[in-house]
Structures are given as structure tokens and as C-alpha cells.
Amino acid sequence: MAIAPLGDCQHSCSCSTHRRQGKDVCSAARGQWARRALESGKHVLCEKPFCTNAAEARELQSLALKNGLICREAFHYREHPLATRLREITLGPPCRNPEAPTVPQWMAPPAVAGGAGGLLGQLESIDVQVLIPKWVFGDANIRFLEELAGGAMMDAGTYAVSIMRLLTGSEPCVESASASMRPGSKVVDGAMRARLSWDTGIAGTLHASLQHDGWLPVTQVQVEGERGSLMCKGFIVPFFGHSLRVTTKQAPCQSEGRSVGLGGSNCSGRSVCLARSSRQAITISWSVSRRICNC
Ligand SMILES: NC(=O)C1=CN([C@@H]2O[C@H](COP(=O)(O)OP(=O)(O)OC[C@H]3O[C@@H](n4cnc5c(N)ncnc54)[C@H](OP(=O)(O)O)[C@@H]3O)[C@@H](O)[C@H]2O)C=CC1
Ligand SMILES: O=C1OC[C@@H](O)[C@H](O)[C@H]1O
């Protein structure tokens, strides 16, 4: 089954030879094109964030569920072996479904529920930073446009929330959030800090920024558990290099590193993932809230 080429959304929505639709348009337009594709009976694999707010996310995932389709928000880092390893460390091995043996690990629920089945034991905290230096996008960029639902939380912040969902396997609540606004704007955030909590007792912090003062991006996640901790740097683009340090009471300071050029990620990985899951109808059966949580 073919995936429609990028570019002509109108054509790919109406085209009868493509059952899925691939596209990248600005964030604010994604929801409307995803809706049209789903109404045309197409699976959707969409750049993150796949829509602009919670109500739209619920509406699109309800439509996808009703039509027996997948509407997947594409986070390429999840298809990299590093993400698989991180989730295994925090949640333990996944439940294997003998009828779908090749399902990507992050789609399968952990064998031990409640976040206590991994090397770290019961999870206690997760802290994520996704900081993009301000020289990268300058002052004028599509990411800062209010009419396109711009802001740091909608860009860098989506990775932070995504990896929190991935490594805890569940949805957090926002305890507090504080934005630093773009100059001259009352609604577009240049940076966001938030405190989160999970009903399993995990506490989290998030810091997302598009106006980081450093020269290099910071994309790191730190997880503490009752039996140890992990620190991973470079989780968004691990194929450019990353580091992973796991410390447990049994084995202090295990370092696992990866260098440049591992591959196995980005768009091809995302498409393969959609193809597999679509064939096996795994995520088609997910509830609306699980589809939104995406883990
Ligand atoms: N997953 C990943 O690794 C990455 C994801 N992204 C995502 O892709 C998005 C686009 O990023 P990037 O490629 O740098 O952006 P671009 O500046 O290249 O713009 C992308 C699209 O937005 C359209 N656009 C630009 N300005 C407007 C406007 N004022 N109103 C409506 N549409 C507009 C452009 O249309 P036209 O061609 O007609 O000008 C183009 O189709 C990001 O916001 C991010 O969400 C980006 C980089 C990496
Ligand atoms: O998706 C993205 O990934 C890399 C970031 O630098 C960028 O802001 C974002 O759009």
C-alpha cells in the first residue's frame, strides 16, 4: 500500500490509490487536513503537534476511532533504538502479543503496570529539558506566529511531554506552568516551565525553550526511581550522538553510549512504524484518550 507524497494535500485526500496520507504543513493547518484525510478514509501520519489544542485532538481521534483509522502524531525519536532502551529501563519489558510480535515496543503496555517493572523500580521523578538556542530561529520564524499556534510549548515542549508519556506509560496532570512570553506578545511563549504529577506518585518538571542562551541545544531527560536513576542527553536526535548513564544500587554508573550515524530513525522509521501498526490493527482499537496520550 502506497503512502501519498508530500505536497498536494487536496490530491492525497481524494486519491483512491493512497490509504494513508503523509504531509507537512504549518502546525495550525495540520488539524484541518488530518480531518479531511480521515473523512476520506485515509490513515494519517502527521508531523508534531498534529493539531493545536486538546479539543481538536479529541475530535480528530474520535473521528479516527469511529472510521477505524489511525491518526498518528509522528515523533521520529521514538523509532530509534535509544527510545526503546529508555522505556525498557523505566518500565521494563513490554507485554508481548503473540499475534503481533513485531509491534514497536512503545505501543505495547509494560508487563508490570504502574511504573515499577524496570531497572529503576518504582519511578519517583522525571525531569526533561528541551532547549533550542535562540540563534537557531532568530526573531522571525513560523514557530513564533500566534495565528499558527506558535510558541515554545507547541514546538520544543511537545518532545518533553511525549518522552514523559513514553517513559511513564501514562498521562500526567499539570500542577503549575509558567511561560516567558515572546517580546511584544501576550500569548506566544518563548519558553515554558511546568511541574507535573502522575497518579502513581511520580513528580515531573519540564523546561522547553526556543530562546536558550547557550550555543548548543540541550535535550535531556533524567529519571529517578527507588532503585536507581538514568540520565540521557541528546534524546531528540540520537543519531547525531547521545549519552545514556544508568545508575542502580546493584550496578553504580553504567554508561551506555552511541555515536554519530546509527540511523534507523526519522521519516522512514515513522512510516515503517505506521505501516506495521496499521497492518496489525494495534492502535486502531485504542481508546480516544490512549490515542491522544500516544503510549
Ligand atoms: N520532526 C522534526 O524533526 C521537525 C519538525 N518540524 C515541524 O515542522 C514545522 C515546520 O518547520 P519548518 O520546516 O522549519 O518551517 P518552514 O518555515 O519551512 O514552513 C513550513 C510550512 O509552513 C508554511 N508557512 C510559512 N509561513 C506561513 C504562514 N504565515 N501561514 C501559513 N503557512 C505558512 C510554509 O508554506 P510555504 O511553503 O508556502 O511558504 C511551509 O509549507 C515546525 O513547526 C515543526 O512543527 C520542523 C523541523 C524538524
Ligand atoms: O521538531 C523540531 O525538532 C527540532 C527542533 O529544533 C525544532 O524546533 C522542532 O520544530
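Calculation criteria
All residue numbers refer to positions counted from 1 along the written sequence of the respective chain. For naming, the first written chain is A and the first written ligand is 1, with later ones following in the order written. Local features in this predicted model are restricted to residues of pLDDT 70 or higher, and side-chain atom pairs are both shown and tallied only at a pLDDT of 80 or more, whereas totals for entire chains, interfaces and linings draw on every residue. Neither water nor hydrogens contribute to the side-chain values; these are computed over all heavy atoms in the structure. UniProt positions are given in the numbering used here, feature names are shortened, and annotations may be inferred rather than shown by experiment. To define axes, lines are fitted to C-alpha atoms, for helices over the stretch in contact only, and angles between the resulting N-to-C directions are given on a 0 to 180 degree scale. Each helix is a run of H or I in the DSSP string that is no shorter than four residues. Each strand is a run of E no shorter than two, and both are numbered from the N terminus. Roughly parallel refers to an angle under 35 degrees, roughly antiparallel to one over 145, roughly perpendicular to one between 65 and 115, and oblique to any angle outside these ranges. Any two residues whose heavy atoms approach within 4.5 Å at even a single point are treated as in contact. Each residue receives one of three labels: charged for Asp, Glu, Lys and Arg, nonpolar for Ala, Val, Leu, Ile, Met, Phe, Trp, Tyr, Cys and Pro, and polar for the others, Gly being one of them. The salt bridge criterion pairs a side-chain nitrogen of Lys or Arg with a carboxyl oxygen of Asp or Glu, the two atoms within 4 Å. When accessible area is computed with a 1.4 Å probe and restricted to protein chains, residues below 20% of their type maximum are described as buried, those above 50% as exposed, and intermediate ones as partly exposed.

The protein appears in an unreviewed UniProt entry as D-xylose 1-dehydrogenase (NADP(+), D-xylono-1,5-lactone-forming) from Dunaliella salina. The Sequence similarities (unreviewed entry) field of the UniProt record for the protein holds the comment "Belongs to the Gfo/Idh/MocA family." UniProt, in its Catalytic activity (unreviewed entry) section for the protein, records the words "D-xylose + NADP(+) = D-xylono-1,5-lactone + NADPH + H(+)".

Novice: It is not clear to me how the packing of helix α4 (residues 81-91) against helix α6 (residues 156-168) should be interpreted in this structure. Could you clarify?
Specialist: The description of two packed helices rests on the angle between their axes and on the distance between the axes. Contact geometry of α4 with α6 gives a least axis separation of 8 Å together with a crossing angle of 50 degrees. One element, α4, and the other, α6, form an angle in the oblique class. Contacts between α4 and α6 involve Ala 83, Leu 86, Arg 87, Thr 90 and Leu 91 on the former and, on the latter, Ile 163, Arg 165, Leu 166, Leu 167 and Thr 168. Grouping the amino acids of the contact of α4 with α6 by side-chain chemistry returns six nonpolar, two polar and two charged.

Novice: I would appreciate a short explanation of the pattern of salt bridges in the present structure.
Specialist: Tallied over the full model, the rule gives nine salt bridges. Taking the shortest distance from any N to any O, the salt bridge between Arg 35 and Glu 56 comes out at 3.7 Å. A residue pair is termed long-range when its members are at least 10 positions apart, and Arg 35 in helix α2 (residues 27-39) and Glu 56 in helix α3 (residues 54-66) qualify at 21 residues. A relative accessible area of 13% places Glu 56 in the buried class. One salt bridge connects Arg 85 with Glu 88, and the closest N-O pair in it is separated by 2.9 Å. Taken together, the residues span about one helical turn, with Arg 85 and Glu 88 both in helix α4 at a distance of three residues. Judged by relative accessible area, Arg 85 falls into the partly exposed class, the value being 24%.

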